[in-house]
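A structural walkthrough
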Amino acid sequence: GWTEQVHIVSADMRNWQAPEPADIIVSELLGSFGDNELSPECLDGAQRFLAPEGIMIPASYTSFMAPVSTHKLWNDARAFKDDEHL
């Protein structure tokens, strides 16, 4: 079964030492935005655990932004006279 082939490691990857290079590394570090939870920094550091022909899942990600405009938010922001919080 899979228990002989899959090893789940629950550790802080910054301190953990791999006994051998991994063929596949799966990460769940993605938050609602691609750079949440220090994902780029951690996934970049995880490369040292990967075998030369290994793969990372996800292999890449892209965040998208789109401008949003509403009359209510505009009027609320315009009515707010405290420039320090804008």
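All values derive from a computational prediction rather than experimental measurement. (Residues numbered from 1 in each chain as written. Predicted model: local features only at pLDDT ≥ 70, side-chain atom pairs only at ≥ 80, totals over all residues. Heavy atoms only, no water.)

1. Here we look at the overall build of the protein
Let me state the cut-off plainly: Helix and strand definitions here come from DSSP, where helices need a minimum of 4 consecutive H or I residues and strands a minimum of 2 consecutive E residues; each element is numbered from the N-terminal end. Each residue is placed in one exposure class: buried if its accessible area under a 1.4 Å probe, protein chains only, is under 20% of its type's maximum, exposed if it is over 50%, and partly exposed if it falls in between. Every residue pair with non-hydrogen atoms within 4.5 Å of one another is taken to be in contact.
Within the protein one finds 2 helices and 2 strands. When its helices and strands are written in sequence order, the protein yields β-α-β-α. Burial status across the protein gives 15% buried among its 86 residues. In the protein, the proportion of contacts linking residues at least 24 apart, taken out of those at least 6 apart, comes to 65%.

2. Here we look at the pattern of salt bridges
Selection criterion: Every case where a carboxyl oxygen of Asp or Glu lies within 4 Å of a side-chain nitrogen of Lys or Arg is listed as a salt bridge.
Per the stated rule, a full pass over the model turns up 1 salt bridge. Of the charged contacts in the structure, one is a salt bridge between Lys72 and Asp76, with a shortest N-O distance of 2.7 Å. Of the two residues, Lys72 and Asp76 both sit in helix α2 (residues 71–79), 4 residues apart, roughly one turn of that helix. On the accessibility criterion, Lys72 (59% relative accessible area) is exposed.

3. Description of the nonpolar core
Soluble globular proteins tend to pack their nonpolar side chains together in the buried interior. The condition is simple: To form a nonpolar core, buried Ala, Val, Leu, Ile, Met, Phe, Trp, Tyr and Cys residues must be joined to one another through side-chain atoms within 4.5 Å.
The biggest cluster of nonpolar side chains holds 6 residues, and these are Ile25, Leu43, Ala46, Phe49, Leu50 and Met56. Secondary structure elements with two or more residues in this core: α1 (39–46) and β2 (50–57).

4. Observations concerning the environment of Ile8
Inspection of the secondary structure puts Ile8 in the segment before β1 (22–26). Accessibility expressed as a relative area gives 79% for Ile8, which makes it exposed. The spacing of Ile8 and Val26 is 18 residues in sequence and 9.7 Å in space, taken between C-alpha atoms.

5. Focus: a nonpolar patch on the surface
To keep it simple, the criterion reads: Exposure above 30% relative accessible area and the absence of a salt bridge qualify a residue for a patch, where like charges join within 9 Å and nonpolar side chains (Val, Leu, Ile, Met, Phe, Trp, Tyr) within 5 Å. Each accessible area is a Shrake-Rupley estimate made with a 1.4 Å probe; only the visible protein chains count as cover when residues are assessed.
There is a patch of nonpolar side chains on the surface, built from Ile24, Val26, Ile55 and Ile57 and spanning about 380 Å² of accessible area. Looking at the nonpolar patch, the elements with two or more residues in it are β1 and β2. Summarising the element assignment, Val26 is placed in strand β1.

Just distances and angles here, no functional claims.
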